[in-house]
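For reference, the chains in residue letters:
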Amino acid sequence: MLTPFMRNHEYNLIKRLVGRLDNNIKTTADQKVIAATRHTTWTRVMEMFPSATEEQKRFFDRIPALNRSEEFQAYLSELEEYVTPLEQVTEQQLKKLFRKVKKLKLPPLAELDFRFLTYIGWTDISSNKLFIVYNLDGKMAGVEGRFSPTNKKGVCCLCNKHEEIAFVTAQTKVKSGSALDHFGRVGNYMCIDSAKCNRNITDVSGLERFMNDVLN
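Student: So what's going on with the overall build of the chain? Which residues, and what values?
Tutor: A tally of helices and strands in the chain yields 7 helices and 5 strands. Written out in order from the N terminus, the α and β elements of the chain read α-α-α-α-α-β-β-β-β-β-α-α. Projecting the C-alpha coordinates of the chain onto the three principal axes gives extents of approximately 65 × 35 × 35 Å. In the chain, which comprises 216 residues, the proportion classed as buried is 43%. For the chain, the share of sequence-separated contacts (at least 6 apart) that also reach a separation of at least 24 residues comes to 57%. Surface accessibility of the chain: about 12,500 Å² in total, with carbon and sulfur atoms responsible for 49%. For the chain, the separation between the mean place of its 32 positive charges and that of its 26 negative charges on side chains is 7 Å.

See below:
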């Protein structure tokens, strides 16, 4: 058995690519098209892990040979075992990250499966606030923002999927070039359901850009 080596967003991308291959085999009669899709899927997965070990490469080398739905399902189930959990945090750590928030509502940490989290996100409906905790540059960082529900679907800036979204704005401290600082705001559309966002996310660039815009 391999040692866990991939993060949640990488797992999500492989799952999506392998799922598309499965669907292609079911719906396409042209064997040349299927062969090309097999190769493209394998290539994209391998490109994600340029420093893969020989054992990891052998695991990914099984992808082009998958054929029946049962084989795909078994492979994806095995894939779950190699996801590295997000660094777990305690309630005290969360309170420290958001020390200025009075009566901080905490997420149900004991109920979370940290393997399938790219970030910890939760909302406080009473205050219309969304909280995000993410390991940014090797350190857990937290951002709080106010959210305004749109009551419609749109593209989330974090997972880039079409989901129920809210417009989230977060306060950022901006250097003014003078002795005084002034505060600005960063805003974007995000999934109102962070659990669903974590299941969708395949790239952390949008998340890291938002966190950096707020914190730096």
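Student: Please provide a residue-by-residue account of helix H2 (residues 31–48), values included.
Tutor: Along its 18 residues, H2 runs 26 Å from first to last C-alpha, staying within 8% of the 26 Å computed at 1.5 Å per residue. Here H2 has its buried residues at Ile34, Arg38, Thr41, Val45, Met46 and Met48. Angularly, the buried residues of H2 cover 160° about the axis, an arc narrow enough to put them on a single face. Exposed positions of H2 whose direction lies more than 90 degrees from the buried face are Lys32 and Glu47. Its buried side turned inward, H2 meets helix H1 (8–27) and helix H3 (54–60).

Student: For the packing of aromatic side chains, give the residues involved together with the corresponding values.
Tutor: With the rule as written, the count across this model stands at 12 aromatic pairs. Centre to centre, the rings of Phe59 and Tyr82 are 5.0 Å apart; their planes meet at 80°, and the pair counts as edge-to-face. With Phe59 in helix H3 and Tyr82 in the loop between helix H4 (69–79) and helix H5 (91–97), this pair connects stretches of sequence that are 23 residues apart. This pair shows no difference in class: Phe59 is buried, exactly as Tyr82 is. Ring centres 5.1 Å apart and planes at 15° place the aromatic pair Trp122 and Phe131 in the stacked group. Following the ring pairs from residue to residue traces out a cluster consisting of Phe5, Phe49, Phe59, Phe60, Tyr75 and Tyr82.

Student: How would you sum up the nonpolar core? Please name residues and give values.
Tutor: Grouped together as the largest cluster of nonpolar side chains are 26 residues, with contacts concentrated most on Met6, Ile14, Phe49 and Phe60. Looking at this core, the elements with two or more residues in it are H1, H2, H3 and H4. Contacts of Ile14, omitting those with residues within four sequence positions, involve Met6, Val45, Met48, Phe49, Phe60 and Leu79. Formed by 25 residues, the second largest nonpolar core is a distinct cluster that contains Tyr134, Val168, Cys197 and Met211.

Student: I'd love a proper account of the side chain of Asn198, names of residues and values included.
Tutor: Positionally, Asn198 belongs in helix H6 (residues 194–200). The class for Asn198 is buried, based on a relative accessible area of 1%. Of the polar contacts made by the side chain of Asn198, one reaches the backbone oxygen of Tyr119; its length is 3.0 Å.

Quick notes on the rules
Residues numbered from 1 in each chain as written. Predicted model: local features only at pLDDT ≥ 70, side-chain atom pairs only at ≥ 80, totals over all residues. Heavy atoms only, no water. Helix = DSSP H or I, 4+ residues; strand = E, 2+ residues; numbered from the N terminus. Buried < 20%, exposed > 50% of the residue type's maximum accessible area, 1.4 Å probe, protein only. Contact = heavy atoms within 4.5 Å. Areas by Shrake-Rupley, 256 points an atom, 1.4 Å probe, with all protein chains shown as cover. Lys, Arg positive; Asp, Glu negative; His and termini not counted. Charge placed at Lys NZ, Arg CZ, Asp CG, Glu CD. Expected span 1.5 Å × (residues − 1). Arc of directions from axis to C-beta. Phe/Tyr/Trp six-rings, centres within 6.5 Å; stacked < 30°, edge-to-face > 60°. Core = buried A, V, L, I, M, F, W, Y, C linked by side-chain atoms within 4.5 Å. Polar contact = N/O pair within 3.5 Å; in protein donor to acceptor, adjacent residues only side chain to side chain.

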